[in-house]
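# Structural description and commentary
Okay, here's what each chain looks like letter by letter:
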Amino acid sequence: MAKISANDVDISIIVSMYNEENCIKSFFEAMQKVLIKLKEYSYEIICIDDGSTDKTYKILCDFAKQDKHIKIVKFSRNFGKEYGIMAGLKFCKGKAAIPMDVDLQDPPELILDFVKKWQEGYNMVYGIRKDRNSDGFIKRWTAKLFYKIYNLMTRSPIPYNAGDYRLLDRKVVDTILALPERNIFMKGVFGWAGFKSIGIGYTRQKRVAGDSKWNYWKLWNFALDGITSSTTFPLRIWSYVGTIFSVTGMLYAFYIVLRTIIHGTDVPGYASLLVFILVLGGIQMIILGILGEYIGRIFVEVKNRPLYIVEEKVNIEND
Ligand code: UDP
Ligand code: MG
C-alpha cells in the first residue's frame, strides 16, 4: 500500500454520514475493492460524522484504529450533508477530492472512470444519474423541475441529474474553500467554479441499508436555499411584474375616467375591485416573502458564525 504522510495523498474520498451504522461496513468493503485497483495512488477516506445519534461514530473509530487511511471528523451536532462535505473539503489533503454517499447509492467503481478522466486533464468529473428509478416518480419529477427552474435563472447552469458524487481537482477544491460566504449550495458552486469538466453517466443504486434522510419539506427548503444563494433573479422578476401591473392599472384608470365622464357614475364594480385588491395584496406578500428570503440570507452571512463545529478528529493531523 502506498505510504502516506500529511502532504502525500493523491485522492481524498469524502463521506458525510448521519445515523448510518448499518451502511459503514459495506461501504468500506466496497471501497477497498476499488482502491486496490488504484494501487499507484495514495488515498485517504475522510468520514464526517454529522452528529449521528446511533453507533456511527463508534463503528468509525473501530475502523480508523485498524486503518490510518480512514480519518474522522465528528461534528458536535447534525449540521447537514452540505456542511459535512465542506468540512471534508477543508480537511482533505488529496490532489483530488471525491465526495460521495455512504449508502452505496453512488457505485464506488465509478471512481476508476473519474480518475481516468482526471488523468486526461479534466478538473472536474461529475457523475450523472442516468436512471433514477431508485427514486420515486414524484422525487424524479420535482428534481427535474428544480433543475429546469434553476438553470433558467442562473448563468452557471447545473448539469441535469448531476449530484454531489464527483471528482474535484485540488484547483476546484481550493476555489471553493476560498469563497468567503457561509451559505453554499454545493451543486451550484461546482458549476459556478467553471474549469474543464465532463460528466459520466451511472445508474443510481438502491440504498444498501437504512432510509433516506430527505423528505419533501426538506427538499423544498433545500431548493429554495439553492436558488436564493445562487441568483437574484427572483428579486428582479417582480420589477417586471410590477411594471406590467402599473401600466395595466393606469390604462384601466384612464378607461374608467373616460367612461365616468361619458356615462356618469354607476355603482357596480364591487367584484372586480375585490379581485384586484386580493390579487395585488397576494403579489405584494409574495414579494415581501422573497425579500425576506434574501434578507435572511444576509442576516446569516453577517452573523459570520462557523459553518459547523468539530467536536473531535481522528487520524487527522492538526491544521
Ligand atoms: N447525510 C448527512 N447529514 C444529514 C443527512 C444526510 O451527512 O443531515 C448523509 C447520509 O448519511 C448519506 C448522504 O448524506 O451518506 C446522503 O443522504 P441520503 O441517502 O439520506 O440522501 P438521498 O440519497 O436520499 O438523496
Ligand atoms: Mg442516499
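Structure first, text after, so check above.
Here the structure is a predicted model, which is why all the values come from computation and not from measurement. (Residues numbered from 1 in each chain as written. Chains lettered and ligands numbered in written order. Predicted model: local features only at pLDDT ≥ 70, side-chain atom pairs only at ≥ 80, totals over all residues. Heavy atoms only, no water.)

The next point concerns the environment of I309. As for its position among the elements, I309 is in the loop between helix 10 (270–303) and strand 8 (310–314). For I309, a relative accessible area of 43% gives the class partly exposed. Placed 81 residues apart in sequence, I309 and T228 show a C-alpha to C-alpha distance of 24 Å. Excluding anything up to four places from it in sequence, I309 contacts K74, F75, S76 and F79. (Helix = DSSP H or I, 4+ residues; strand = E, 2+ residues; numbered from the N terminus. Buried < 20%, exposed > 50% of the residue type's maximum accessible area, 1.4 Å probe, protein only. Contact = heavy atoms within 4.5 Å.)

Right, let's talk about the packing of helix 6 (residues 170–177) against helix 7 (residues 186–193) for a bit. Direction vectors running N to C along helix 6 and helix 7 enclose 115 degrees, while the axes themselves pass 10 Å from each other. For the crossing formed where helix 6 meets helix 7, the hand is right-handed. On helix 7, the residues that touch V172, T175 and I176 of helix 6 are V189, F190, W192 and A193. Of the residues in the contact of helix 6 with helix 7, the class split is six nonpolar, one polar and no charged. (Axes fitted to C-alpha atoms, helices over the stretch in contact; angles between N-to-C directions. Left-handed = near helix turned anticlockwise from the far one by under 90°. Nonpolar A, V, L, I, M, F, W, Y, C, P; charged D, E, K, R; others polar.)

As a further point, take the site of ligand 1. In the vicinity of ligand 1 lie 18 residues, with S16, E20, D50, S212 and K213 positioned nearest. Contact distances for ligand 1 include 2.6 Å between a nitrogen atom and a side-chain N or O atom of D50. Between an oxygen atom of ligand 1 and a side-chain N or O atom of D103, the distance comes to 2.6 Å. Surface burial for ligand 1 is 94%, taken as the share of its 530 Å² of free accessible area covered by protein chains. A breakdown of the residues in the shell around ligand 1 according to their chemical character gives four nonpolar, five polar and nine charged. (Near = heavy atom within 4 Å. Polar contact = N/O pair within 3.5 Å; in protein donor to acceptor, adjacent residues only side chain to side chain. Areas by Shrake-Rupley, 256 points an atom, 1.4 Å probe, with all protein chains shown as cover.)

Structurally, K25 can be placed in helix 1 (residues 24–36). The class of K25 is exposed, set by a relative accessible area of 53%. On a C-alpha basis, the gap between K25 and N78 in space is 21 Å, while along the polypeptide they are 53 residues apart.

Right, let's talk about the pattern of salt bridges for a bit. Counted by the stated rule, this structure contains ten salt bridges. The residue D10 makes a salt bridge to K95 at a minimum N-O spacing of 2.9 Å. On the criterion of sequence distance, the pair formed by D10 in the segment before strand 1 (11–17) and K95 in the loop between helix 3 (81–91) and strand 4 (96–100) is long-range, its members being 85 residues apart. Note on D10: relative accessible area 14%, which makes it buried. Each of the salt bridges in this network shares a partner with another, and the network as a whole consists of K81, D101 and D164. (Salt bridge = Lys/Arg side-chain N within 4 Å of Asp/Glu carboxyl O.)

Phi at N19 is positive, roughly 50 degrees, even though this residue is not glycine. Topologically, N19 is positioned in the loop between strand 1 and helix 1. A positive phi angle, close to 70 degrees, is found at F195, a residue other than glycine. Within the secondary structure, F195 sits in the loop between helix 7 and strand 7 (197–203). In this structure F195 comes out as partly exposed when scored by relative accessible area, which is 36%.

Taken together, the protein ligands of the magnesium ion (ligand 2) are D103 (OD) and Q105 (OE1), with distances of 1.9 Å. For D103, a relative accessible area of 4% corresponds to the buried category. (Donors = N, O, S within 2.8 Å, 3.2 Å for Na, K, Ca; no water.)

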